Each structure stands twice: as C-alpha cells, then as structure tokens.
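# Residue-level structure breakdown
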Amino acid sequence: MKKKSKDFITLKTMRTEYLISLFCFFSLISGCANYLYKLDEKKWDKNLIVVKNPPLCENFKSKYNFFGENKDSVAIINEFFQQKFANLNLEEAAVLWSLIQLKIRPDLFNPMSRLQIFKVKNDNPEYYDFSSSNKEASPLLHGLNTFLAKNGSKFTLSRLSRMLLEYESIQIPIGDGFSEFIQAKKSELKNNPIFYRNYFKAGLEIRKGESLPTLSYTNMLDNIYKIKDDKEYIINTLLFSGNQSNYSYACNFDLNLYKKGIYLISEQPHPESWSIGISDQNGNHIFVVAGNTFKGLNPIQNSYFITPELSTVTTPKKFCFIKNQKNKMTIISTKGRDPAQHLYHIMNYDILNSDNLKEAQEYINFPRHLFLQNPNRMLYESEKGSPEQLSNFLKLDFPLYHKQNLGLVYGHGNVLGKNSFLLDHRGPAVVSCQ
C-alpha cells in the first residue's frame, strides 16, 4: 500500500515545539499520571490507511467556482447562473447561491436559521453572524438582505427573488443528508399534513434523487420574512486578529485561549449545519453557513420549512483567515464538540508552509485528534494514522481513544499564487470547477 512521505507524516505535522506545547498542556491538566492506550469499539489497524483526497480545482473558466454540499446543485449551477445572472458580482452571486439552498436543506438552511458569512476580498476578511431572540424573526433572510446592503449592491433580496421567478420550478434532487433526516423523522413528519404533502409521495417519504415541491420565493418573503427591523436581530462582526511567530490571523474566536490551553469544549457536539461557498478567478471568496437546533417538528406557516429553536441557541461555527509571506488561506470548522480546536491544530501543523495546493489539502485531510475534558482524554483517528504518529501521541502519557471521523473542515487556499477550495473527505462537499 502506498504511503505518504515520512517527512509529511512525522516532520511537517508533529513538530517538536508543538509536541512540547502539548506535553505542557497535559502536565497542567493531568499531573502526568500514567495511562493506557485504549480503543473505542474497534482495534487499530497498524497499516496506514491512505485516504483518497477530493479533487482540487486550480483552474476554472467560468466567472465563479461554486462550492456546496449537494453535488446535484453544484453540477447545474454554472449553466443556471449563465442564463440570467452572469452580471452579478461576488456578493450578489453568493446570495443567489444561498437562495437555491432553500430548496435543498429546509431543515438547516431555512428562513429562521442562524446565518454566518465569511468573506475574503483583496485579502481583507469580513465576518457576519445573524441571529435573533425573536421567535418569529428570520435571521437567514434578514442576513442575506443586510449583506447585500452592506456591500453596496443595487439589489435587495426581494429583487433577486423576482429574478428567480421563471426558475422556481427547477428540480434539484435532495442528497444523502436530508434524505437521512427525513428517514429518521418520518413518523413525526407523516403525522403533520403540511409535511406529509411536501415530504411524501404516494405514502412514501422522498429519498435521495427526488426533489421537493416548487418553492415560491416571493410568497416566502411576503409571508415569512415579516420582521425586518434591525433592532430585532443580533449582528456580530467581531474578528480576533493577531500575529503568531510566522503568520497573522483573523478568527471569529479568541485564538489566544487555545495557546494558553483553554479549549472551548461544548458538552454536546455542535448542531448540524449546511455550508456553501463561491470564489472568483482572483481568489476572492465567500463561505456561507447556516444551521439549526430543533425541539419538535413543526412547519413555518404552510411551508415545508421546519421551525427551529431560537437561532441564538445554535452554536456559531468557527472561521479563520491566516496568511504569511508565502501563502494565505481561509479554514472553517463546523462539526464536533470543539470545532475551533481542529483549526488550531491545523494551523500548528504549518499548513501555510505548503508548497502546493495538493499539500494544503492533505493537511485538511490529515488524521485528526481532539482533546476532551471531564474526564481528560484524547480522541484520535487511528485508522487514518501511521505508527509513527501514534508513537508520538503515546509519548504524551495521556488516555487515547479511537474515533472513526473527527470534525469537518473546509477551506480556500492561495498557495504560491494558485487558488482552490480545499475539501475534506469526511464531508460531501464538491466544487463546480467549470
């Protein structure tokens, strides 16, 4: 079996100074007690399992390269975009791309979802986080409309929706994620006449490859987006900026906490989310992420959208823009009990010193570890790792547990002047690359 280079596995990732910092962290929280290496559910295969990384897209001819977690929507977006929307700028195209998601993941990407937008244009990062404590508010719709206004667009959300009128009946098959959601919740959904009408055909729940009914964007904006007062929404634009020894960063969390061994570990995994992105020929790019938590399954009015808990309950996902004299990258983390920790580790692995985009994406796909507390332990993707990496972790004298997959990290990299989205094999995302 072909192996990754030993240099990549042991030298470029498990740097001596990083191991020392980990050792100091463990000394503080565990008192250097002796622990045994343990496995969760299955034994570790000592052969390195080489994961086939997703393809890159260093060259595309279209105006924009689209990134999304539904491959059917990504496959059709360029043709769809060229029909009527080719003159939209990057921000407007991102909002249009967002409107299309309402037909694909109405559980996660719906009018009442918490919405986060991370934009990097001319190497300047901007962050927007829209939520509300009003149970009738529509943070996602308000956020998209506000994003257009803040970026000087001549369009409003209503005007963009009217441009979509002739395409409202376009059929976009749902993917694995939403199909699994419907399958898991089919008993509750079937008992609600509105959901039954939208999510079932001939008495059977719709599945991957089938589509939701036509969505009227105009009716949605008229009937659901009723609360438009800025005072009813919470808009956070704070980025924590700073400098490490060899790079600068701007993140939506305080990286200094992690440098001090203070990790933002949640009691439960972060709620699921839905991510999309867009980039232009110059490497300017935007990530849009929406997500929800649910207590019950009730429709938003007469639509197929599912009413979530207050958007302020949904934990925001983590974003960082990092750069040095050689490269610059955006990395986002959306899954697990401590998404920021994955970004912190990847930055410590020296991803910015990648010599090409393929190597940068290998850092995104490299075997991950995650520190947890109460009790203190470390989770590790042992089946993706190497004996050398395992040996380094065992030297830390800390309880180690196997995990099949940890987190979900996507990115966008500019390496030596070449640009591409960076995909994670743990997730479903693809790029249009046309």
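For clarity, every value in this text was computed on a predicted model and none was experimentally measured. (Residues numbered from 1 in each chain as written. Predicted model: local features only at pLDDT ≥ 70, side-chain atom pairs only at ≥ 80, totals over all residues. Heavy atoms only, no water.)

Let us now look at the overall build of the protein chain. A tally of helices and strands in the protein chain yields 14 helices and 18 strands. Out of the 434 residues belonging to the protein chain, those deemed buried represent 58%. At a minimum sequence separation of 6, the contacts of the protein chain that also span at least 24 residues come to 71%. (Helix = DSSP H or I, 4+ residues; strand = E, 2+ residues; numbered from the N terminus. Buried < 20%, exposed > 50% of the residue type's maximum accessible area, 1.4 Å probe, protein only. Contact = heavy atoms within 4.5 Å.)

What follows concerns the nonpolar core. Among the nonpolar cores identified, the biggest contains 67 residues, and Phe85, Leu102 and Tyr199 are the most heavily contacted of them. Ranked by residue count, the leading element in this core is helix α4 (residues 90-101), at 8 residues. Setting aside its immediate chain neighbours within four residues, leucine 102 contacts Phe109, Asn110, Pro111, Leu140, Leu215, Tyr217, Met220, Tyr304 and Phe305. (Core = buried A, V, L, I, M, F, W, Y, C linked by side-chain atoms within 4.5 Å.)

This paragraph deals with the packing of aromatic side chains. Each aromatic ring pair is described using two quantities: the centre-to-centre distance and the angle formed by the ring planes. If you walk through the whole model with that rule in mind, you get 28 aromatic pairs. Relative to phenylalanine 287, the ring of phenylalanine 67 has its centre 5.6 Å away and its plane inclined at 80°; by these criteria the two rings are edge-to-face. Pair noted here: phenylalanine 67 is in strand β1 (residues 64-68) and phenylalanine 287 is in strand β10 (residues 285-291), with a separation of 220 residues, a long-range link. Neither residue differs from the other here; phenylalanine 67 and phenylalanine 287 are each classed as buried. A centroid spacing of 6.5 Å and a plane angle of 50° characterise the contact between phenylalanine 118 and tyrosine 127, whose relative ring orientation is tilted. No difference in accessibility class separates phenylalanine 118 from tyrosine 127, as the two residues are buried. An aromatic cluster of at least three residues, connected via ring pairs, comprises Phe178, Phe181, Phe195, Tyr199 and Phe294. Positioned above the aromatic ring of tyrosine 225, the side-chain terminus of lysine 228 is 5.0 Å from the ring centre. (Phe/Tyr/Trp six-rings, centres within 6.5 Å; stacked < 30°, edge-to-face > 60°. Lys NZ or Arg CZ within 6 Å of the ring centre and 35° of its normal.)

Here the focus is the packing of α4 against helix α5 (residues 139-150). The contact between α4 and α5 brings their axes to 10 Å, and the two run at 170°. The angle between the axes of α4 and α5 places the two elements in the roughly antiparallel class. Every residue of α5 that contacts α4 at Glu91, Glu92, Val95, Ser98 and Leu99 is listed here: Leu144, Phe147 and Leu148. Residue composition of the contact of α4 with α5, grouped by class: 5 nonpolar, 1 polar and 2 charged. (Axes fitted to C-alpha atoms, helices over the stretch in contact; angles between N-to-C directions. Parallel < 35°, antiparallel > 145°, perpendicular 65-115°, else oblique. Nonpolar A, V, L, I, M, F, W, Y, C, P; charged D, E, K, R; others polar.)

The next thing to look at is the confidence of the model for the protein chain. The predicted model of the protein chain has a mean per-residue pLDDT of 88, with 88% of residues at 70 or higher. Here residues 26-50 is a poorly scored stretch, pLDDT under 50, and it has 61 contacts once near neighbours within four places are set aside; other chains count. (pLDDT = per-residue confidence, 0-100.)

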